[in-house]
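The residues making up each chain are set out below.
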Amino acid sequence: MHNVNAKTLYEKIWEAHLVHHEPGQAPLLYVDRHLMHEVTSPQAFEGLKIANRPVRNPHSILATLDHCVPTKDRNKPIADPIAKKQVETMIANCETHGLSLYDMDNPNNGVIHIVVPEHGFVHPGMVTVCGDSHTATHGAFGALAFGIGTSEVEHVMATQTLPQEKSKSMLVRVDGALSEFCTAKDIALSVIGKIGTAGGNGHVIEFSGEAVRALSMEGRMTLCNMAIEAGARAGMIAPDQKTYDYLQGKEFAPKGADWEMALDYWKSLPSDEGAFFDTTVALQGNDIAPQVSWGTSPEQVAPVTSTVPTPESFSDNNKALACKSALNYMGLAGGTKITDIEIDYAFIGSCTNGRIEDFRSAAKVARGTTVAPGVTAIAVPGSYHVKVQAEEEGLDKIFLDAGWEWRDPGCSMCLAMNGDELKDGQRCASTSNRNFEGRQGKGGRTHLVSPAMAAAAAAAGKFVDISANNAS
Amino acid sequence: MEAYKNHQSIAALMNRNNVDTDQIVPKQFLKKVERTGFGAHLFHDWRFNPDGSENITFELNKPSFKGATILVTGDNFGCGSSREHAPWAIADYGFNTIISTSFADIFYNNCFKNSILPLVVDSAKLDALMDEIAANEGVSFSVDLENQTVTTPAGNDFSFEVEPFRKHNMLNGLDDIGLTLAHEDKISTFESTQKQNMPWLWREA
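First things first, this report covers the structure right here in the doc. (Residues numbered from 1 in each chain as written. Chains lettered and ligands numbered in written order. Predicted model: local features only at pLDDT ≥ 70, side-chain atom pairs only at ≥ 80, totals over all residues.)

Here we look at the overall build of chain A
Our working definition: Under the DSSP-based scheme used, a helix requires at least four consecutive residues in state H or I and a strand at least two consecutive residues in state E, with every element numbered from the N terminus. The globule rule used for comparison is 2.2 Å times the number of residues to the exponent 0.38, while the radius of gyration itself is calculated over C-alpha atoms. Backbone-placed C-beta atoms define the burial measure: a residue is buried with 20 or more other C-beta atoms within 10 Å of its own, exposed with 12 or fewer, and partly exposed in between. Any pair of residues counts as being in contact when their C-beta atoms, constructed from backbone geometry, are within 7 Å of one another.
Summing up its helical and strand segments, chain A has 15 helices and 19 strands in all. Whereas a compact globule of 472 residues would reach a radius of gyration of roughly 23 Å, chain A reaches 22 Å, a difference of no more than 12%. Viewed in the frame of its principal axes, chain A has a C-alpha envelope of about 60 × 60 × 45 Å. Put simply, chain A has 472 residues, and 61% of those count as buried. Of the contacts formed within chain A by residues at least 6 apart in sequence, a portion of 77% connects residues at least 24 apart.

Quick look at the overall build of chain B
Within chain B, the regular secondary structure consists of 8 helices and 7 strands. Projected onto its principal axes, the C-alpha coordinates of chain B cover approximately 65 × 45 × 25 Å. Counting over 205 residues, chain B shows a buried share of 40%. The contacts in chain B between residues at least 6 apart in sequence include a share of 69% that link residues at least 24 apart.

Focus on the packing of helix α6 (residues 184–195) of chain A against helix α8 (residues 217–225) of chain A
In helix packing, the relevant descriptors are the interaxial angle and the interaxial distance, both defined with respect to the helix axes. All names here are of chain A. Applied cut-off: Throughout, an axis means a line fitted to C-alpha atoms (over the contacting stretch in the case of helices), and angles, computed between N-to-C directions, take values from 0 to 180 degrees. Every angle not falling under 35 degrees, over 145, or within 65 to 115 is termed oblique; those three ranges are roughly parallel, roughly antiparallel and roughly perpendicular. Handedness of a helix crossing follows the sense of rotation of the near helix relative to the far helix, less than a right angle counterclockwise being left-handed and clockwise being right-handed.
Contact pair α6 / α8: the axes reach a minimum separation of 8 Å and the direction vectors enclose 20°. What the angle tells us is that α6 and α8 run roughly parallel. In the packing of α6 onto α8, the handedness of the crossing is right-handed. Along its contact with α6, which presents Ala184, Lys185, Ile187 and Ala188, the element α8 presents Gly219, Arg220, Thr222 and Leu223.

A look at the sheet that holds strand β7 (residues 158–159) of chain B
Residues and elements named next belong to chain B. For clarity, the threshold we go by: A pair of strands is treated as paired once DSSP finds two or more bridges between them.
Strand order in this open sheet of 7 strands is β4-β3-β2-β1-β5-β6-β7, and the pairing throughout is mixed. The sheet terminates laterally at β4 (117–120) and β7, the two strands that pair on one side only. Note: strand β6 (residues 149–151) against β7, 2 bridges, orientation antiparallel. Looking across to β7, one finds that Val150 is bridged to Phe158. The strands touched by helix α5 (residues 123–135) are β1 (7–14), β2 (70–73), β3 (97–100) and β7; relative to β1, the strand with the most contacts, the crossing angle is about 95°.

Some words on the packing of helix α12 (residues 356–366) of chain A against helix α15 (residues 451–460) of chain A
Residue and element names in this part refer to chain A. Basically, it comes down to this: Residues are grouped as follows: Ala, Val, Leu, Ile, Met, Phe, Trp, Tyr, Cys and Pro are nonpolar; Asp, Glu, Lys and Arg are charged; every other residue, Gly included, is polar.
Interaxial distance between α12 and α15 falls to 8 Å at its minimum, and their mutual angle equals 30°. Here α15 runs roughly parallel to α12, going by the angle between their axes. Our pair here, α12 against α15, has a crossing hand that is right-handed. For the pair formed by α12 and α15, the contact residues are Asp358, Ser361, Ala362, Val365 and Ala366 on the first element and Pro451, Ala452, Ala454, Ala455, Ala456 and Ala459 on the second. By residue class, the composition of the contact of α12 with α15 is 9 nonpolar, 1 polar and 1 charged.

Brief notes about the interface of chain A and chain B
Facing the 59 residues of chain A at the interface are 45 residues of chain B. Counting residues per element, the ones that place at least two in the side of chain A that touches chain B are β1 (18–20), β2 (28–30), α2 (42–51), α3 (81–97), α5 (150–159), β8 (161–163), α10 (257–267) and α11 (317–330) of chain A.

Things to note about the sheet that holds strand β10 (residues 203–208) of chain A
Residues and elements named next belong to chain A. Read across the sheet, 4 strands follow the order β11-β10-β9-β12 without closing on themselves; strand pairing throughout is parallel. Both edges of this open sheet fall to β11 (234–236) and β12 (279–284), since each of them pairs with a single strand only. Looking at each pair of strands side by side, their axes are set apart by 20° on average, direction ignored. Here β10 pairs with β11 via 3 bridges, running parallel. Each residue of the ladder has a partner; that of Val204, found in β11, is Ala234. Along the sheet face, α6 touches β9 (168–175) and β12 and points at about 130° away from the line of β12.

What to know about the pairing of β10(A)
On a regular strand, each side chain points to the face opposite its neighbour's, so the side chains alternate between the two faces of the sheet. Residues and elements named next belong to chain A. For clarity, the cut-off: The handedness rule is simple: strands pointing away from the viewer, and a clockwise path from the first strand over the helix to the second, make the crossover right-handed.
Among the 6 residues of β10, 6 are classified as buried, and the element is accordingly described as predominantly covered. Burial of the side chains of β10 extends over both faces: His203, Ile205 and Phe207 are buried on one face and Val204, Glu206 and Ser208 on the other. Where β9 lies against β10, 6 bridges are found, and the strand directions are parallel. Directly across from Arg173, in β10, lies its bridge partner Ser208. Once the chain exits β9 it traverses α6 before rejoining the sheet at β10, and the crossover so formed is right-handed.

Treat this as a map of the structure, not an account of what it does.
So, in structure tokens, the structure goes:
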């Protein structure tokens, strides 16, 4: 039973951004913030040039270099000539159009979805886009944030709008409390495990419930970041005092009288009591255990305490076939204990888990340990600010003493475009967001985990149930 | 954008579910600054052996599917990244129609920017179409976007849904940006109103 006048957070933002809607045409939605990086923009700038169109609102754009940049030896030129050209193209395009770019020499440089919140660039209620599926991250601020293709990047630059069809709404409630060993990453993996990578198709997800409210802003960013892996258009969390406290004082946050006005508006945004959601999914925080993905899809996850499933254990034939294929690629046998799976690599970083709290959490586990023989472990702060903060707290020393490499910021091994990659058959405990075949390198075997789990795996050389074994 | 024309063509069968964008175009090819030439990279890791030769066991390398413009494939096609390089590769390779039970949202949107028609059918129909191709590789289907129908020799004909706006643009090869800029006055009005009601969004940094 719902109140027909009650609106969801999504509906409120949608209605406030409708520029025009006539029969026979898609609704036209206004875009407040456009985030950019070097990989999905060059063809868009080229398109503007060919059509002789300017960028309509340069002040709405914040750009960075992240996907192709090296995370070490940054004083040397980029080794890959194609990547080098792509980076140079971005720099030139931003200069031509007067766009703010955090290039590699800029102390603000880092992964786009990490640096944008650092500067308070996205506020509750904003429509935010980027040529990158993990734009969903900014939904943590109660913004409508989603990924777009390069043609749409060009469209937004030229018109500051996007034709968009309205999505359905899905409410994902996580009540109860997470154990001290579980994180937003484990909630995300549990949700995707439950509804599948197509479960959110056609929907915008709103996350709610006690366990979600209890997350810090960084935790909320991790959760919303992964909404795309459940097939959702976007993932959102209603703003609250944590959101306002996080934003206050940041470079692009409203100041003075503006702050009070903005605050009034933001407080009107959370979904009304009785608002209608097309689909509801409920989880209990207490039931969530540290997760490990075992297959080649983010939905192929299991608690660390369990075993790799067998194809026969799936009643759905498609899932059974997918399991068989995944086990073959991953070189795993059904029935294997997750805690028996040995690793070659550990990676902490990415727009999912590259923030200061992630490194604090991992450092707690890594302190006093040594990376297991044969394992390479790299810690990649999501931005220079994260790196500097971590060094102020002595976290870098903890990782270095344990035998980890301490790198400069970039997307790095999340998608291995910059030379940080797995070799054929290597197995990685990774805090990134996708475990598709070849994602981290051809033949590379990715296991998605939280930062603490990655740190524990690096020390043991295999996955560890951190809830049973205080690995510090 | 090229207009989509009604046509008849060989339908290629790729009976896999959850084909993700990392398989459609692996990331090493995303470093290019051009929009062209991505057809050579389509399904790269499945299509080619490590030494660069064609993998003859990959279904789309079958001679019977040569020249196909229609791809029939499994659930949740195009899941993963927003990379438009995926539809660029598909279009440049030669496909302009994809038939499946479901598509990932971002990929679905990107198709329409590239004259690719993504058609959704139910499970039973997809099975029937896949069976028809498997029984007779090289069979041709006819696609009629105007009437929103597909016909096949074995009679597995079906009607499909497509948003009227998208259909109109595809049939006429219309440029999205040009169409939007026809409403430029409304965009300006929106911005003036927002400047008044939410001035903090428009302060110079």
